[in-house]
Amino acid sequence: MRFFIVTILLFCFWFLLSGETNLILISSGVISSLFVAYLSGDLLISEGELRKSLIRYLRFLKYIPYLLWQVILSNIDVVYRVLHPRLPIDPVIFNFKTRLKSEFCIVTYANSITLTPGTVTIEVNKKGEFLVHALSSKYAESLLEGEMEKKIMEIEGV
């Protein structure tokens, strides 16, 4: 079951990227999807956690609009700071520890921080400690408030 779900997901992703409707190219997409699902399907969905993984991915889809909104707001703020005559930035590097437990959620959090303009995840260790660079202390305070972390905790169902 896992093999077929991964194959279908991979083929849909391939089709979205290529947009090809030629029979030969679709055949090669199906064959490629089958081959990749056979080799590394367990990396996407583990055998023992099929139902849990599918629920997690559906919750992740719910998180995407929130992340996109944060990216838009941060873009506006960064543009304001860059175009402001006095360039109101006060860069800061800070550490914090997350309450997230799963690797999926920790990686999602680290990538979300980096995708949001004005912040970059420098390092994450296995203990869940983050080292982040922020363009302004406002961004650091926002991360430390933990709104994004709470949204990501919802993905895990906590």
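Anything mentioned here points back to the structure above.
Residues numbered from 1 in each chain as written. Predicted model: local features only at pLDDT ≥ 70, side-chain atom pairs only at ≥ 80, totals over all residues. Heavy atoms only, no water.

(A) Structural view of the pairing of strand S2 (residues 119-124). With 5 bridges connecting them, S2 and strand S3 (residues 129-134) associate as antiparallel partners. Bridge assignment links Thr119 to a residue of S3, and that residue is Ala134. Counting the residues in the hairpin turn of S2 and S3 gives 4 residues, including Gly128, whose phi is positive at 85°. (Pairing = 2+ DSSP bridges. Helix = DSSP H or I, 4+ residues; strand = E, 2+ residues; numbered from the N terminus.)

(B) Molecular detail of a negative patch on the surface. A contiguous patch of negative charge on the surface is contributed by Asp90, Glu141, Glu145 and Glu147. Residue placement: Glu141 occurs in helix H5 (residues 137-145). (Patch = residues over 30% accessible without salt bridge, like charges linked within 9 Å, V, L, I, M, F, W, Y side chains within 5 Å. Areas by Shrake-Rupley, 256 points an atom, 1.4 Å probe, with all protein chains shown as cover. Salt bridge = Lys/Arg side-chain N within 4 Å of Asp/Glu carboxyl O. Lys, Arg positive; Asp, Glu negative; His and termini not counted. Charge placed at Lys NZ, Arg CZ, Asp CG, Glu CD.)

(C) Examining the pattern of salt bridges more closely. Using the criterion set out here, one finds 4 salt bridges in the structure. Close ionic contact of Arg56 with Glu156 constitutes a salt bridge, the shortest N to O distance being 3.4 Å. With a gap of 100 residues between them, Arg56 in helix H3 (residues 50-83) and Glu156 in helix H6 (residues 147-156) connect regions that are remote in the sequence. Residue classification places Arg56 among the buried residues on the basis of a relative accessible area of 12%. For Arg81, the salt bridge identified is with Asp77, shortest N-O distance 2.8 Å. Taken together, the residues Arg81 and Asp77, both in helix H3 and 4 residues apart, mark about one turn of the helix. Taken individually, Arg81 and Asp77 each receive the classification buried, so the pair is uniform in this respect. If you follow the salt bridges from partner to partner, you end up with Asp77, Arg81 and Lys138 in one network. (Buried < 20%, exposed > 50% of the residue type's maximum accessible area, 1.4 Å probe, protein only.)

Taken by themselves, the reported measurements are silent on function.
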